[in-house]
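Close look at the chain arrangement
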Amino acid sequence: RAGLGPRWIDVVARGGGRPRPVDELAALTDWPTLRGPPPADAPAAERARHVWALALRGRARLAFGDLGAAGRDLADASAALAAERPPLPEGEVLRDMVAESRLRLAAARGDRVALREALAGLLARSPIAAIRLETVMNDPQIRAQLGAEQWAALQREYGVRRSP
C-alpha cells in the first residue's frame, strides 16, 4: 500500500473481491477528512476515486461497528453517484456496492423501513434480482428484519423458486 500511495484505492476497488481487513482499516485512516461529493470540475478518474473512497470507508466503518459514520459515508457516496452526469464508467458497480452496504447498515441498525427501501432499490436495478434476493435471504441478520409474508411477497415478485 505504501508503494502505491493514494492510488491504492484503484487496486483495492478494482482488484475484484472484498478488501482485506487491513485495507478496510486503511480506508478509515487514509481519508479522515473526506466528506461530500467530489468537485464537479475534477476529472472523471478523480471523481471515481473519491466515490470509491467514500464507499470503501463507509463499508469499513460498518464492518468496525461505527454505524453513524458509515451511514454518512454511504449517503455521501450515494449522493455523489446520483449527481454524476454522465454516470461514471464504473457507476453501476459502485451503486450496487453502496446499496448492498446500506442494506447491511439498515439491518445492523434494526431499521426495517430503510432495509426495505435499500432492498427494493438493490433488486430493482439488478439483472439477477432472484439470485441477489436469495443471497440476502440467507443472511440471518437481514432475514430476521422482515416477516415471512414480506419475504414471500419478494420471492413472488422476483421469481425466486422455493426448494422442494
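Let me sum up the structure you'll find in this document.

Reading the values: the criteria
Residues numbered from 1 in each chain as written. Predicted model: local features only at pLDDT ≥ 70, side-chain atom pairs only at ≥ 80, totals over all residues. Heavy atoms only, no water. Helix = DSSP H or I, 4+ residues; strand = E, 2+ residues; numbered from the N terminus. Buried < 20%, exposed > 50% of the residue type's maximum accessible area, 1.4 Å probe, protein only. Contact = heavy atoms within 4.5 Å. Polar contact = N/O pair within 3.5 Å; in protein donor to acceptor, adjacent residues only side chain to side chain. Salt bridge = Lys/Arg side-chain N within 4 Å of Asp/Glu carboxyl O.

When you go through the protein residue by residue, the secondary structure sums to nine helices and zero strands. In sequence order, the protein lays out its α and β elements as α-α-α-α-α-α-α-α-α. Split into buried and exposed, the 164 residues of the protein put 45% on the buried side.

What follows is about the environment of Met 137. With respect to the secondary-structure elements, Met 137 resides in helix H7 (residues 129-137). On the basis of relative accessibility, which here comes to 8%, the residue Met 137 falls in the buried class. Not counting residues up to four positions away in its chain, the partners in contact with Met 137 are Arg 143, Trp 151 and Gln 155.

Let us now look at the side chain of Glu 84. The topology assignment puts Glu 84 in the loop between helix H4 (67-83) and helix H5 (91-109). You can call Glu 84 buried: its relative accessible area is 6%. At 2.9 Å, the side chain of Glu 84 and the side chain of Arg 47 are in polar contact. Setting aside chain neighbours within four positions, we find Glu 84 in contact with Pro 38 and Arg 47.

It is worth spelling out the pattern of salt bridges at this point. Taken as a whole and assessed by the stated rule, the structure comprises eight salt bridges. Among the salt bridges present, the one from Arg 35 reaches Asp 76, with a minimum N-O distance of 2.8 Å. Here Arg 35, found in the loop between helix H2 (21-30) and helix H3 (44-63), pairs with Asp 76, found in helix H4; they are 41 residues apart in sequence, far enough to count as distant. Across the salt bridge formed by Asp 73 and Arg 57, the nearest N and O atoms sit 2.6 Å from each other. Placement of the pair is Asp 73 in helix H4 and Arg 57 in helix H3, with a sequence separation of 16 residues. The same class applies to Asp 73 and to Arg 57, which are both buried. Each of Glu 100, Arg 104, Arg 132 and Asp 139 takes part in salt bridges that share partners, so that together they form one network.

Our next topic: the environment of Leu 81. Locating Leu 81 in the fold gives a position in helix H4. Between the C-alpha atom of Leu 81 and that of Gly 91, which follows or precedes it by ten residues, the distance is 6.8 Å. If we ignore the near neighbours within four places in the chain, the residues touching Leu 81 are Val 51, Leu 88, Gly 91, Leu 94, Arg 95 and Val 98.

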